[in-house]
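Letter by letter, the chains look like this.
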Amino acid sequence: MDEHRELMDKVLNWTIDNMQCEKGYFYYQINKYITSKIPYMRWSQAWMFISMSIYLKSLPPKIRNHISMKIWFDLSNSPAH
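Since the structure is predicted, the reported quantities are computational estimates derived from the model, not experimental observations.

J.: Would you take a moment to explain helix α2 (residues 41-58) for this structure?
T.: The periodicity of an α-helix, 3.6 residues per turn, causes residues three or four positions apart to be oriented the same way. When the terminal C-alpha atoms of α2 are compared, their 24 Å separation across 18 residues agrees well with the 26 Å that a helix rising 1.5 Å per residue should span. Within the sequence span of α2, burial applies to Ser44, Gln45, Met48, Tyr55, Leu56 and Ser58. Viewed end-on, α2 has its buried residues packed into an arc of 160°, placing them on one side of the element. The exposed set on the far side of α2, more than 90 degrees from its buried face, consists of Met41, Arg42, Trp47, Phe49 and Lys57.

J.: Got a minute to help me understand the nonpolar core in this structure?
T.: What tends to happen in soluble globular proteins is that the nonpolar side chains get buried as a cluster. Listed in full, the seven residues of the largest apolar core are Met8, Leu12, Phe26, Met48, Tyr55, Leu56 and Leu59. At the level of elements, α1 (5-19) and α2 are the ones that each hand at least two residues to this core. If one sorts the elements of this core by residue count, α2 sits on top with three residues. Not counting chain neighbours up to four residues away, the residues in contact with Met8 comprise Met1, Tyr55 and Ser58.

J.: Sorry, what's going on with α1 here?
T.: Here α1 is 15 residues long and its end C-alpha atoms lie 20 Å apart, about the 21 Å a rise of 1.5 Å per residue gives. When we look at burial in α1, the residues that qualify are Arg5, Met8, Leu12, Thr15 and Met19. Viewed end-on, α1 has its buried residues packed into an arc of 120°, placing them on one side of the element. Facing away from the buried side of α1, by more than 90 degrees, are the exposed residues Glu6, Leu7, Lys10 and Asp17.

Thresholds applied
Residues numbered from 1 in each chain as written. Predicted model: local features only at pLDDT ≥ 70, side-chain atom pairs only at ≥ 80, totals over all residues. Heavy atoms only, no water. Helix = DSSP H or I, 4+ residues; strand = E, 2+ residues; numbered from the N terminus. Expected span 1.5 Å × (residues − 1). Buried < 20%, exposed > 50% of the residue type's maximum accessible area, 1.4 Å probe, protein only. Arc of directions from axis to C-beta. Core = buried A, V, L, I, M, F, W, Y, C linked by side-chain atoms within 4.5 Å. Contact = heavy atoms within 4.5 Å.

Here it is, written out as structure tokens:
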């Protein structure tokens, strides 16, 4: 996966910036005519969960642990908690 790291970073960052709402869930689709912001568990949340899990697992342990701690901290301090 290291040979595709730059592309993986670009896609993940774009997806988070453009398809994740303030509440944390991911939109179903964005296209030229419509944006579906319905948080389908099977189609958007599950695929993003597996994608982000694979991405994090591919990182070196030191970086992975740092990112995991930041995610945990952000989630534990979110307004929903």
